Amino acid sequence: MTDPHRTSEARLDELIARLGVGISHDALRHALTHSTWAYENTGPNNERLEFLGDAVLGQSITAMLYRRFPDLAEGELAKRRATVVSTQALAAVAQAIDLGSFLLLGRGEEQTDGRKKPSLLADALEAVIGAVFLDCGSEAADELVARLIGPVVDDPATFDAAADPKTALQEWLAARSLPPPRYVVTDDGPDHQKTFDASVYVDHPKYSPEPVGRGSGSSKKHAEIDAARASLQFLGR
């Protein structure tokens, strides 16, 4: 397990280069510190930065969508924003810069492969955005969002039917006279940091009793979306 006080300066510089922003080492370490590490080592965690980064990201993406899609109605813009800031989309961006390898995690998260968990990666990316906002200013934070997430906004594939997988799954099943999907969600962890797991069932002899898809996320909604997307892949949609 990595100790942030012994984290290689060169290693932090490597991540700073990937981010393309002049954030300080201390601010970046804070953003990379998961609550499990902080609890075990008595220090600050990145949850407040995640809270801030979520708001900064939402505003930045909203403005980006407004400018890039001048002909879209409010409802469609809202759908696209939800897709871009979803756990799955943010986790993919985090994976692209290998953010997981830089995280400071407690023993439990290390043992359960926390560096690859979509919800943890998405939260960490938001924390980094929040840290950049505080350390470098709002313009630098907007530039970071544009650099990392702008390509997701510009990719037409981002907004295909899978962008709203729960609706797409329900429509796919209805078109084949199959019953609607049934979601079973469980949660684990302390109240301040629950993780949710969802399973999707189709109550029909062709598919029962096994789930057609499973997913996870930092909320019930995100877990269900992840599970619906997995179900569509399993069904060949």
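See the structure above.
If you're wondering where the values come from, they're calculated on a predicted model, not measured in any experiment. Numbers given for residues are sequential positions, taken from 1 along each chain in its written order. Note on the predicted model: pLDDT of at least 70 is required for a residue's local features to be given, and 80 or more for side-chain atom pairs to be given and counted; whole-chain, interface and lining totals, by contrast, use all residues. Values shown for side chains rest on all heavy atoms present in the structure; no hydrogens or waters enter the calculation.

Caption draft 1: Spotlight on the nonpolar core. Joining through side-chain atoms within 4.5 Å is the link that ties buried Ala, Val, Leu, Ile, Met, Phe, Trp, Tyr and Cys residues into a set, and such a set is a nonpolar core. The rule is simple: take the accessible area with a 1.4 Å probe, protein chains only, and divide by the maximum for that residue type; under 20% is buried, over 50% is exposed, in between is partly exposed. Counting 46 residues, the largest nonpolar core has Leu19, Leu28, Leu32, Ile61, Leu99, Val128 and Ile149 as the members making the most contacts within it. Runs of H or I in DSSP of at least four residues are treated as helices and runs of E of at least two as strands, each being numbered from the N terminus. Of all elements in the fold, only helix H1 (9-19), helix H2 (25-32), helix H4 (47-68), helix H5 (74-84), helix H6 (87-96), helix H8 (118-136) and helix H9 (138-154) reach the threshold of two or more residues within this core. Sorting elements by how many residues they give to this core places H8 first, with 10 residues. When neighbours within four sequence positions are excluded, isoleucine 149 is seen to be in contact with Leu57, Ile61, Val84, Leu90 and Val93. Residues Leu169, Leu178, Val200 and Ala228 belong to the second largest nonpolar core, which totals 16 residues. Should any heavy atoms of two residues lie within 4.5 Å, those residues are counted as being in contact.

Caption draft 2: Representation of the packing of H4 against H8. Helix axes are fitted to C-alpha atoms over the stretch in contact, other axes to C-alpha atoms as well, and angles between N-to-C directions run from 0 to 180 degrees. As a packed pair, H4 and H8 sit with axes 6 Å apart at the nearest point and diverge in direction by 80°. Classified by the angle between their axes, H4 and H8 sit roughly perpendicular to one another. In this structure, H4 uses Leu49, Glu50, Leu52, Gly53, Asp54, Val56 and Leu57 to contact H8, whose residues at the interface are Asp123, Glu126, Ala127, Ile129, Gly130, Ala131, Phe133 and Leu134. Across the contact of H4 with H8, the residue classes tally to nine nonpolar, two polar and four charged. Roughly parallel covers angles under 35 degrees, roughly antiparallel covers those over 145, roughly perpendicular covers 65 to 115, and oblique covers all other angles. Under the scheme applied, nonpolar residues are Ala, Val, Leu, Ile, Met, Phe, Trp, Tyr, Cys and Pro; charged residues are Asp, Glu, Lys and Arg; polar residues are all the others, including Gly.

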